[in-house]
Amino acid sequence: MDEVRLRDVVADDVESFFEQQRDPVACKMAAFTADDPNDRANFLALWTGILANNAIIKRTILLDDTLVGNVVFFFQFGMPSVGYWIDRAYWGRGIATRALAEFLTIATERPVYARTAFDNLASQRVLEKCGFVSFDRDVAYAAARGEEIEERIFVLRG
Ligand SMILES: CC(C)(COP(=O)(O)OP(=O)(O)OC[C@H]1O[C@@H](n2cnc3c(N)ncnc32)[C@H](O)[C@@H]1OP(=O)(O)O)[C@@H](O)C(=O)NCCC(=O)NCCS
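So, here's what we can say about the structure. (Residues numbered from 1 in each chain as written. Predicted model: local features only at pLDDT ≥ 70, side-chain atom pairs only at ≥ 80, totals over all residues. Heavy atoms only, no water.)

1. A word on the overall build of the protein
Definition in use: A run of DSSP states H or I qualifies as a helix once it reaches four residues; a run of E qualifies as a strand once it reaches two. Both are numbered from the N-terminal end. Here the radius of gyration uses the C-alpha set of atoms, whereas the globule reference equals 2.2 Å times the residue count to the power 0.38. Here a residue-residue contact requires only that any non-hydrogen atoms of the pair lie within 4.5 Å. The charge count treats Lys and Arg as positive and Asp and Glu as negative. His and the chain ends do not count. Where a charge lies is defined by one atom per residue type, namely NZ (Lys), CZ (Arg), CG (Asp) and CD (Glu).
Tallying secondary structure elements over the protein gives 5 helices and 7 strands in all. Secondary structure elements of the protein occur, N-terminal to C-terminal, as β-α-α-α-β-β-β-α-β-α-β-β. In terms of C-alpha radius of gyration, the protein reaches 15 Å, essentially the compact-globule figure of 15 Å for 158 residues. Its C-alpha atoms give the protein principal-axis dimensions of about 35 × 35 × 30 Å. Across the protein, contacts joining residues at least 24 apart in sequence account for 62% of those joining residues at least 6 apart. Counting 18 positive and 24 negative side-chain charges, the protein places the averaged centre of each group 5 Å from the other.

2. Regarding the site of the ligand
Just so we agree on the cut-off: Only a single heavy atom is needed: when it lies within 4 Å of a molecule or strand, its residue is near that molecule or strand. Think of a polar contact as two N or O atoms within 3.5 Å of one another; within protein, one of them needs to be a possible hydrogen donor and the other a possible acceptor, and neighboring residues in sequence only count if both atoms come from side chains. The protein chains shown are the only cover counted for residues, whose accessible areas, like all others here, come from Shrake-Rupley with a 1.4 Å probe. Residue polarity follows a fixed list, in which Ala, Val, Leu, Ile, Met, Phe, Trp, Tyr, Cys and Pro are nonpolar, Asp, Glu, Lys and Arg are charged, and the others, Gly among them, are polar.
Lining the immediate surroundings of the ligand are 22 residues, of which Gly 92, Gly 94, Thr 97, Arg 125 and Lys 129 lie closest. Here Ile 86 contributes a backbone N or O atom positioned 2.8 Å from an oxygen atom of the ligand. In the environment of the ligand, an oxygen atom lies 2.9 Å from a nitrogen or oxygen atom belonging to the side chain of Asn 120. With the chains in place, 71% of the 970 Å² that the ligand exposes on its own is no longer accessible. Tallying contributions element by element places helix α5 (residues 121-129) first for the shell around the ligand, with 6 residues. Residues that form the shell around the ligand fall into these classes: 12 nonpolar, 6 polar and 4 charged.

3. Notes on the pattern of salt bridges
Threshold: One speaks of a salt bridge when a side-chain nitrogen belonging to Lys or Arg is within 4 Å of a carboxyl oxygen belonging to Asp or Glu. Classification of residues uses two cut-offs on accessible area relative to the type maximum, computed with a 1.4 Å probe and protein chains only: under 20% is buried, over 50% is exposed, and between them is partly exposed.
This model, assessed by the stated rule, comprises 13 salt bridges. For Arg 40, the salt bridge is made with Glu 15, and the minimal N-O distance between the two is 2.6 Å. Of this pair, Arg 40 sits in helix α3 (residues 40-52) while Glu 15 is found in helix α1 (residues 14-21), placing the two residues 25 residues apart along the sequence. Take Arg 40: its relative accessible area is 41%, and that puts it in the partly exposed class. Classification of Glu 15 as partly exposed rests on a relative accessible area of 30%.

4. Remarks on α1
The line we're drawing: As used here, the arc belongs to the directions running from the helix axis to the C-beta atoms.
Of all the positions in α1, only Val 14, Phe 17, Phe 18, Gln 20 and Gln 21 are classed as buried. Buried positions in α1, seen along its axis, are confined to an arc of 165° and lie on one side of it. Considering only its buried residues, α1 is in contact with α2 (24-30), α3, β2 (57-63), β3 (66-76) and β4 (79-86).

5. A short note on the nonpolar core
Formally: Take the buried Ala, Val, Leu, Ile, Met, Phe, Trp, Tyr and Cys residues and link them wherever side-chain atoms come within 4.5 Å; each set so joined is a nonpolar core.
Among the nonpolar cores identified, the biggest contains 25 residues, and Ile 61, Val 82, Leu 100, Phe 103, Leu 104 and Phe 132 are the most heavily contacted of them. Those elements that provide at least two residues to this core are β1 (4-8), β2, β3, β4, α4 (95-103), β5 (112-117), α5 and β7 (147-156). Tallying contributions element by element places α4 first for this core, with 5 residues. The contacts of Val 82, once residues within four sequence positions are left out, are Val 72, Phe 73, Phe 74, Leu 100, Phe 103, Leu 104, Val 112, Tyr 113, Ala 114 and Phe 132.

6. Remarks on the pairing of β7
Note the cut-off: Two strands qualify as a pair provided that DSSP identifies no fewer than 2 bridges between them.
Taking burial as the measure, the 10 residues of β7 include 7 buried ones, the bulk of the element. In terms of strand pairing, β5 meets β7 through 6 bridges, oriented antiparallel. Looking at the pairing, Tyr 113 lines up with Val 155 of β7. As judged from the 9 bridges shared by strand β6 (residues 133-142) and β7, these two strands associate in the antiparallel manner. Directly across from Asp 136, in β7, lies its bridge partner Ile 153. Linkage of β6 to β7, two consecutive antiparallel strands, is achieved through a turn of 4 residues, within which Gly 146 is found at a positive phi near 70°.

Structure follows, in structure tokens:
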């Protein structure tokens, strides 16, 4: 079938998100990660806060009935922003693009922003396919790279 669907996040999903976000290849790509992606307690505390915060819109991404990632709307540096993460086993199948496009019909605040590492071309492509355009650049510490790197900021206007 290969159908991408979004559903509300439930607490039991967080363990899968934890496994997905600690993949070293994915961390290197995303760059701006937790200081220690293997710190389970820290990750669970973060998601406990996300689940309790109604200002954060969050959805679990399913491929047919398999949990393959998450997509989130939140405020970063005061800017309405989106972020997403797909299990590496499922990369390159158009899942992030389909999930973000659907999510943007739920998270409707505009403009909405997204930040990617300068070399995270897959994420930049996902954003462009969903209508985002390049907006600005920044430099920030990327824990998964152990150094400051350039960040590209994208915007989706109304
Ligand atoms: C970035 C990420 C979400 C992409 O998920 P995905 O489901 O593989 O994305 P899609 O298949 O929908 O689209 C990926 C696009 O990037 C392109 N792409 C992939 N790798 C690329 C690369 N190295 N250079 C250029 N384009 C690339 C694909 O060809 C595709 O574009 P196309 O449809 O025009 O061919 C996924 O790799 C991920 O979760 N990475 C780790 C977390 C992360 O980086 N999150 C985003 C933080 S800003």
